[in-house]
Amino acid sequence: DSGVTQTPKHLITATGQRVTLRCSPRSGDLSVYWYQQSLDQGLQFLIQYYNGEERAKGNILERFSAQQFPDLHSELNLSSLELGDSALYFCASSAGVGNEQFFGPGTRLTVL
Amino acid sequence: AQSVTQPDIHITVSEGASLELRCNYSYGATPYLFWYVQSPGQGLQLLLKYFSGDTLVQGIKGFEAEFKRSQSSFNLRKPSVHWSDAAEYFCAVGAEGGSYIPTFGRGTSLIVHP
């Protein structure tokens, strides 16, 4: 158990819908990262927050957004969902920038 | 830009045999290097990391990796594989400074035969 929690574990929705994925980092970790894992793209970095502020952006679509709240949990919002958004979404946390990342168990999103 | 290549998509070994998973990276300066393992239905777990110093790094579960700058490699090894080692293995390279975001390889799937 990494100490990072993600909810829900599974999510099934339809095209065009909007979903929110939630992540609670390890106690004391200030940095949260979001990744998308799919068969064709592998593990892709989406976005990083550090202590509430956006720190880095990766291959995140404009339909996707995220935020980190004062209690340090983070949410990833995916809207206007397409079939190709079906993937595993991981959250990771670290104590700071450059520290080891601890991954959550992931949320499996299926878009029908 | 940094990149990671894991040349082997699948590796099959017999239980008790030795293992080496290959990883090559591309980065201009001294990289931070990692190996993660992902069991089915699980998140990624860090096996070991290299930041500086001794180029032979010991990790958890009996794994080790050797950083070879001249070959831009960071291969993962284990002397005797157990059936529970069957999983997906990811090599990652990170850059010092800035926001530091690791780039992951596509992964190598390890199959262990009894």
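The structure reproduced in this document is the subject of the present report. It should be emphasised that the depicted structure is a prediction, and the values quoted were computed from it without experimental measurement.

Parameters at a glance
Residues numbered from 1 in each chain as written. Chains lettered and ligands numbered in written order. Predicted model: local features only at pLDDT ≥ 70, side-chain atom pairs only at ≥ 80, totals over all residues. Heavy atoms only, no water. Salt bridge = Lys/Arg side-chain N within 4 Å of Asp/Glu carboxyl O. Helix = DSSP H or I, 4+ residues; strand = E, 2+ residues; numbered from the N terminus. Buried < 20%, exposed > 50% of the residue type's maximum accessible area, 1.4 Å probe, protein only. Pairing = 2+ DSSP bridges.

Glancing now at the pattern of salt bridges. One side chain can pair with another of opposite charge once the charged atoms of both are near each other. Residues and elements named next belong to chain A. All told, the structure shown has eight salt bridges over all chains when counted by the stated rule. Salt-bridge contacts for Arg63 lead to Glu82; the nearest nitrogen and oxygen are separated by 3.7 Å. In this pair, Arg63 is assigned in the loop between β6 (53–57) and β7 (64–68) and Glu82 in the loop between β8 (74–78) and β9 (87–94), connecting sequence segments 19 residues apart. Judged by relative accessible area, Glu82 falls into the partly exposed class, the value being 43%. In this structure, Arg63 engages Asp85 in a salt bridge whose closest nitrogen and oxygen atoms are separated by 2.8 Å. Remark: Asp85 occurs in the loop between β8 and β9 and Arg63 occurs in the loop between β6 and β7; sequence separation between them is 22 residues. Here the salt bridges do not stand alone but share partners, grouping Arg63, Glu82 and Asp85 into one network.

The pairing of strand β5 (residues 42–50) of chain A with β6(A) spans four bridges and is antiparallel. Counted as the bridge partner of Tyr50(A) is Glu53(A) from β6(A).

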